[in-house]
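# An overview of the molecular structure
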Amino acid sequence: MKRILLAAITVLVALFFLFILSKFKPVAEKKETEMKYPVVEVLEVTKVNAPLVVRSQGSVEPVTSTTASAEVAGRILSVSENFVAGGEFSAGDELLVIDPADYKAALAQSEAAAAQAGLALSQARAKGEQAAREWQKIGGGREASDLVLQKPQLRAAEANLASAEATVAQALRNLERSKLKAPYNGRIQRTFMDVGSLASPGAPLAELYATDFYEVRLPLSLDDYAAVKKLGSNPTVTLMAEAGGETRKWEASVVRSEGMIDRASRSVYVVARLKREEGEELLVPGLFLQAEIHAGEMAGVARIPQKAFYENNSILIAKGEGNIRTVHFRDVVKGRTEGDDVLVMAGLETGDQVCITPLATPIEGMEIELFEGGAAAPAETAAETAAAPVPAADPEQGAAAGGVPQ
């Protein structure tokens, strides 16, 4: 009986404590789920007329270069003080003299022979005239033959004189060729002979190049080449080089295309020509230059960062109102790539909102959050939100597709 009573009391005490615990149990605080969306930056499209600038590079080369060779044989008597590598000269300057003694003697001999031939021609003419007068007296009205009138002798005398005069002219040319004269304004690139050297006909004396104009070969891709050719003839070129802590610039123009594709680089070369101003020391053959070819402009294009593009030339367009919007894929037509930007020719309209923050797994219609004020989103935030998983929507919490419960 006591055991039953003790058990009953124990049960009653336990029930009492359970009632107390249930009466004063803590109530869990309800917290609303905060949705988190990928934070992206958008760019509002504005169509502009973009200058079409084609960039390339190349080295300066002379328009005209010459290997001067000896035209006559002889020992070199003297050279100009500028007959050294880098020496400058003007058209007509005497650069080198080959011993002219033999050519002066040959000229004197040819002049003497020409004088003798002239005398013989005069005598032949006089004899012919005399023969004609005598035939009139004794010919009895008959026609005299050429031999009687000494016409063959006259023709022979005339031919001898012409030959002698040609020999004089040849001797004069050889005497003139004993001097090497500059054919244009230029500079000596390299010399092969000096005073005392024995020159033979055809032996190289020096390499020369003209300094009035220079050319630069510029390699272009096929797209760039097509853009340049659309502009027409002689598009302008700005050539640049870094020297002495500053950028030097020269203006040139494209004068021709080399008309073939380089098999190694698959490039097409165009040639730009520029005039060298007097006193310009930096602009010399071999100088490496950066080039900007001004090939007109592209009308009605939108400049979009390359990072905004996905496969198949697709970009994401943000649609909607407010800070939370949906994204949609759109295919566009690329024009040219300039640095980190792409010029889009078709597929965009003024006012379109282009997402320029890359998303890891974008989905058509997914929701995104615009970065504050449309400014660039921090790299860390964009990377975290772009890589966040996208769970199924929870109907009890009212989560929208693309939201991430917090």
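Residues numbered from 1 in each chain as written. Predicted model: local features only at pLDDT ≥ 70, side-chain atom pairs only at ≥ 80, totals over all residues. Heavy atoms only, no water.

Bringing the overall build of the protein into the picture now. In terms of helices and strands, the protein carries five helices and 24 strands. Counting across all 406 residues of the protein, residues that qualify as buried make up 34%. Residue pairs at least 24 apart in sequence account for 75% of intrachain contacts in the protein once pairs closer than 6 positions are excluded. Accessible surface, the protein as shown: approximately 24,800 Å² in total, 53% of it carbon and sulfur. (Helix = DSSP H or I, 4+ residues; strand = E, 2+ residues; numbered from the N terminus. Buried < 20%, exposed > 50% of the residue type's maximum accessible area, 1.4 Å probe, protein only. Contact = heavy atoms within 4.5 Å. Areas by Shrake-Rupley, 256 points an atom, 1.4 Å probe, with all protein chains shown as cover.)

With that settled, consider the nonpolar core. The biggest cluster of nonpolar side chains holds 29 residues, and the ones touching the most others in it are Leu218, Val237, Leu239, Leu274, Leu289 and Ile293. Looking at this core, the elements that each hand over two or more residues are strand 4 (48–62), strand 13 (213–220), helix 4 (222–231), strand 14 (236–243), strand 15 (246–261), strand 16 (268–275) and strand 17 (288–305). Sorting elements by how many residues they give to this core places strand 17 first, with six residues. What Leu218 contacts, discounting residues up to four positions off in sequence, is Ser56, Gln57, Gly58, Val237, Val268, Tyr269, Val270, Ala272, Ala291 and Ile293. In terms of nonpolar packing, the next biggest core, distinct from the first, is built from 21 residues, Phe89, Tyr184, Ala199 and Ala203 among them. (Core = buried A, V, L, I, M, F, W, Y, C linked by side-chain atoms within 4.5 Å.)

The first and last C-alpha atoms of helix 2 (residues 101–138) sit 56 Å apart over 38 residues, in line with the 56 Å expected at 1.5 Å per residue. Among all positions of helix 2, only Tyr103, Leu107, Ser110, Ala114, Ala117, Leu121, Ala124, Gly128, Ala131 and Trp135 are buried. The positive-phi residue at the C-terminal boundary of helix 2 is Gly140, with phi of around 65 degrees. (Expected span 1.5 Å × (residues − 1).)

Here we come to the pairing of strand 13. Counting buried positions along strand 13 gives six out of eight residues, so the element sits mostly inside the fold. Pairing geometry for strand 13 and strand 16, over eight bridges, is antiparallel. When the bridges of strand 16 are listed, Leu220 appears paired with Val268. (Pairing = 2+ DSSP bridges.)

Attention now goes to the sheet that holds strand 12 (residues 204–210). Strand order in this open sheet of four strands is 5-12-10-7, and the pairing throughout is antiparallel. With one partner strand each, in any of the chains shown, strand 5 (65–69) and strand 7 (88–89) form the two edges of the open sheet. Both strand 7 and strand 10 (residues 186–191) contribute to a ladder of two bridges, which runs antiparallel. Paired with Phe89 across the strands is Gly186, a residue of strand 10.

In this section: helix 3 (residues 151–177). Counted at 1.5 Å a residue, the expected span for helix 3 with its 27 residues is 39 Å, and the 39 Å between its end C-alpha atoms agrees. The set of residues buried in helix 3 consists of Ala157, Leu161, Ala164, Val168, Ala171 and Asn174. Those residues of helix 3 that are buried are in contact with helix 2.

For the protein, the average pLDDT comes to 83, and 87% of its residues sit at 70 or higher. Predicted confidence is poor over residues 374–406, with pLDDT under 50, and the contacts of this stretch with residues over four places away or in other chains come to 46 contacts. (pLDDT = per-residue confidence, 0-100.)

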